[in-house]
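Each chain, letter by letter, is given below.
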Amino acid sequence: MDPNLVVNLALTALNEVLSIIAHIRAQGGMTTEQIAALADQQDLANKDAIKALLAL
Amino acid sequence: MKKYAVLLLVLIPFLAGCPKDPYRAAIQGSADVSNAVSSGIKITASYYSAGTFNDTQKATAAKYFTVVTDCNMTFRKAVTDVHNAGQTGTQAFLPIADSFVNCVRSSAPVASDPKVANVLTATDSAIRGIELAIASAKGTK
């Protein structure tokens, strides 16, 4: 196999791993209160979305 | 490459910090339900626009999402109240999760239509997952 291709594949895989780790750490870095506040906002947005859905 | 892939599969659960305290597990579960409802609403709107859902099916799904959202807000408030009261054990949070399940069961419409039921499945699974998440959390019994 072409060595350049192997390197590119390895770098792509590494980037995927780093991206996943960053995502997991970002979620883990939120406090429980921050998660609750986001859920509050999501629920209010959902209520508006349901009204819009019924109006379709 | 395969070795790294296997290593990644082994590491991800540890990086995700699986063991949570029951309060965090309950709030995270509630947020998961909110996200599932959001997705369900989008799918319902898409199905209705495409003609896959009729007015009755759309109304049934909307009623279900309304009930779940109201029950979820009540659940999160109860969880926060218990946490603020200083309770930390799984046994303090499990009855609240059970109430959430019963709240939805007693008020939500029964989706006998398989097409509607399919759209509601993800939200239903997220609700039932809360009890499991709390039971699996590390906390004083």
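Draft legend 1. Quick peek at the overall build of chain A. The number of helices and strands found in chain A is two helices and zero strands. Burial statistics for chain A: of 56 residues in total, 14% are counted as buried.

Draft legend 2. Fine view of the overall build of chain B. When helices and strands are tallied, chain B shows five helices and zero strands. Starting at the N terminus and ending at the C terminus, chain B contains elements arranged as α-α-α-α-α. Scored against the burial criterion, the 141 residues of chain B give a buried share of 38%. Taking as baseline every contact in chain B between residues at least 6 positions apart, the subset at least 24 positions apart corresponds to 86%.

Draft legend 3. Representation of the packing of helix H2 (residues 32-55) of chain A against helix H3 (residues 55-84) of chain B within the structure. Between H2 of chain A and H3 of chain B, whose axes approach to 10 Å, the crossing angle comes to 160°. Here H3 of chain B runs roughly antiparallel to H2 of chain A, going by the angle between their axes. Both H2 of chain A and H3 of chain B take part in a crossing whose hand is left-handed. Listed contacts from H3 of chain B to Ala36, Ala39, Asp43, Asn46, Lys47, Ile50, Leu53 and Leu54 of chain A of H2 of chain A are Lys58, Ala62, Phe65, Thr66, Thr69, Asn72, Met73, Arg76 and Thr80 of chain B. Considered class by class, the residues forming the contact of H2 of chain A with H3 of chain B number eight nonpolar, five polar and four charged.

Draft legend 4. Quick look at the confidence of the model for chain B. Residue and element names in this part refer to chain B. A residue-level look at chain B finds 84% of positions with pLDDT of 70 or above and a mean pLDDT of 88. For chain B, per-element mean pLDDT is lowest for helix H1 (residues 2-15), which scores 44, and highest for H3, which scores 98. Note on residues 5-17: pLDDT under 50 across the span, and seven contacts to partners over four residues away in sequence or across chains. Here the prediction assigns the complex a pTM of 0.77, and the interface score ipTM is 0.82.

Draft legend 5. Quick look at the nonpolar core. Core analysis: the biggest nonpolar cluster contains 37 residues, and Ala26, Phe65, Phe93, Phe100 and Ile134 of chain B have the highest contact counts within it. For this core, the elements supplying multiple residues, two or more each, are H2 of chain A together with helix H2 (22-50), H3, helix H4 (90-107) and helix H5 (114-136) of chain B. With nine residues, H2 of chain B is the largest single contributor of residues to this core. Not counting the four nearest positions on each side in its chain, Ile134 of chain B is found in contact with Pro22, Ala25, Ala26, Thr90, Phe93, Leu94 and Ala97 of chain B.

What counts and what doesn't
- Residues numbered from 1 in each chain as written.
- Chains lettered and ligands numbered in written order.
- Predicted model: local features only at pLDDT ≥ 70, side-chain atom pairs only at ≥ 80, totals over all residues.
- Helix = DSSP H or I, 4+ residues; strand = E, 2+ residues; numbered from the N terminus.
- Buried ≥ 20, exposed ≤ 12 C-beta atoms within 10 Å, placed from the backbone.
- Contact = placed C-beta atoms within 7 Å.
- Axes fitted to C-alpha atoms, helices over the stretch in contact; angles between N-to-C directions.
- Parallel < 35°, antiparallel > 145°, perpendicular 65-115°, else oblique.
- Left-handed = near helix turned anticlockwise from the far one by under 90°.
- Nonpolar A, V, L, I, M, F, W, Y, C, P; charged D, E, K, R; others polar.
- pLDDT = per-residue confidence, 0-100.
- Core = buried A, V, L, I, M, F, W, Y, C linked by C-beta atoms within 7 Å.

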